[in-house]
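The chain contents come next:
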Amino acid sequence: EILKRSLIHKCCDVFNTDQGVQFTSKDFIQVLLDHGVKISMNGKGRALDNVFVERLWRSVKYECIYLKKPETVDEAREVISEYFDFYNHRRPHQGLGGLSPADIYLAGF
């Protein structure tokens, strides 16, 4: 039901998941197909396929959500939007030599 409600806004062209039973069910796949969404699934047994996204969401939770504790959906949207701006433009990243993703992107690396 949540997938159907979110797709009312046609928010994505591709939907990527692991191969969990909830994502491989006929009903779930049909909802995506009915909305013209391409389906992408990680390889079977490929737990590390999502490692970068999992690390990002850990940062969002620990550096934003748990500290700000938004109480409404609107507050959550606002603090997460502010956090992503910070994360992409001002937060130094150890893996990027202390630069932000925007620094790397703008430098043309």
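One structure accompanies this document, and this report is about it. Please read all numbers here as calculations on a predicted model, not as lab measurements.

**Here we look at the layout of surface pockets**
- The space that makes up the largest pocket amounts to roughly 270 Å³.
- Lining the largest pocket are Phe 52, Arg 55, Leu 56, Ser 59, Tyr 87, Arg 91, His 93, Gln 94, Gly 95 and Leu 96.
- For the lining of the largest pocket, the per-class residue count stands at four nonpolar, four polar and two charged.

**Quick word on a negative patch on the surface**
- On the surface, Glu 71, Glu 75, Glu 78 and Glu 82 cluster together into a negatively charged patch.
- Mapped onto the elements, Glu 82 comes out in helix α5 (residues 73–89).

**Some points on α5**
- With 17 residues, α5 extends 24 Å between its outermost C-alpha atoms, agreeing within 8% with the 24 Å of an ideal straight helix rising 1.5 Å per residue.
- Listed in full, the buried residues belonging to α5 are Val 79, Tyr 83 and Tyr 87. Angular distribution of buried residues about the axis of α5 spans 75 degrees; they occupy a single face of the element. What points out from α5, more than 90 degrees from its buried face, is the exposed set Val 73, Asp 74 and Arg 77.
- Where the residues of α5 are buried, they touch α4 (51–68) and α6 (101–107).

**Quick look at the packing of aromatic side chains**
- In total, this model carries seven aromatic pairs according to the counting rule given.
- Geometrically, the ring pair formed by Phe 15 and Phe 28 is edge-to-face, given 5.7 Å between the ring centres and 65 degrees between the ring planes. Highlighted residues: Phe 15 in strand β1 (residues 14–17) and Phe 28 in helix α3 (residues 26–34), separated in sequence by 13 residues.
- You can call Phe 15 partly exposed: its relative accessible area is 22%.
- Seen in terms of ring centroids, Trp 57 and Phe 84 are 5.9 Å apart; in terms of plane orientation they differ by 85 degrees. Their pairing is edge-to-face. Within this pair, whereas Trp 57 is found in helix α4, its partner Phe 84 is found in helix α5, the two being separated by 27 residues in sequence.
- Using a relative accessible area of 40% as the deciding quantity, one classes Trp 57 as partly exposed.
- An aromatic cluster is defined as three or more aromatic residues linked by ring pairs; in this entry it consists of Trp 57, Tyr 83, Phe 84, Phe 86 and Tyr 87.
- Directly above the aromatic system of Tyr 62 lies the positively charged group of Arg 58, at a separation of 4.9 Å from the ring centroid.

Cut-offs applied
- Residues numbered from 1 in each chain as written.
- Predicted model: local features only at pLDDT ≥ 70, side-chain atom pairs only at ≥ 80, totals over all residues.
- Heavy atoms only, no water.
- 1 Å grid on protein atoms, 1.4 Å probe; cavity = no way out; pocket = protein on both sides within 12 Å on 5 of 7 lines; lining within 4 Å.
- Points joined across faces, edges and corners; volume = space filled by probe spheres on them.
- Nonpolar A, V, L, I, M, F, W, Y, C, P; charged D, E, K, R; others polar.
- Patch = residues over 30% accessible without salt bridge, like charges linked within 9 Å, V, L, I, M, F, W, Y side chains within 5 Å.
- Areas by Shrake-Rupley, 256 points an atom, 1.4 Å probe, with all protein chains shown as cover.
- Salt bridge = Lys/Arg side-chain N within 4 Å of Asp/Glu carboxyl O.
- Lys, Arg positive; Asp, Glu negative; His and termini not counted.
- Charge placed at Lys NZ, Arg CZ, Asp CG, Glu CD.
- Helix = DSSP H or I, 4+ residues; strand = E, 2+ residues; numbered from the N terminus.
- Expected span 1.5 Å × (residues − 1).
- Buried < 20%, exposed > 50% of the residue type's maximum accessible area, 1.4 Å probe, protein only.
- Arc of directions from axis to C-beta.
- Contact = heavy atoms within 4.5 Å.
- Phe/Tyr/Trp six-rings, centres within 6.5 Å; stacked < 30°, edge-to-face > 60°.
- Lys NZ or Arg CZ within 6 Å of the ring centre and 35° of its normal.

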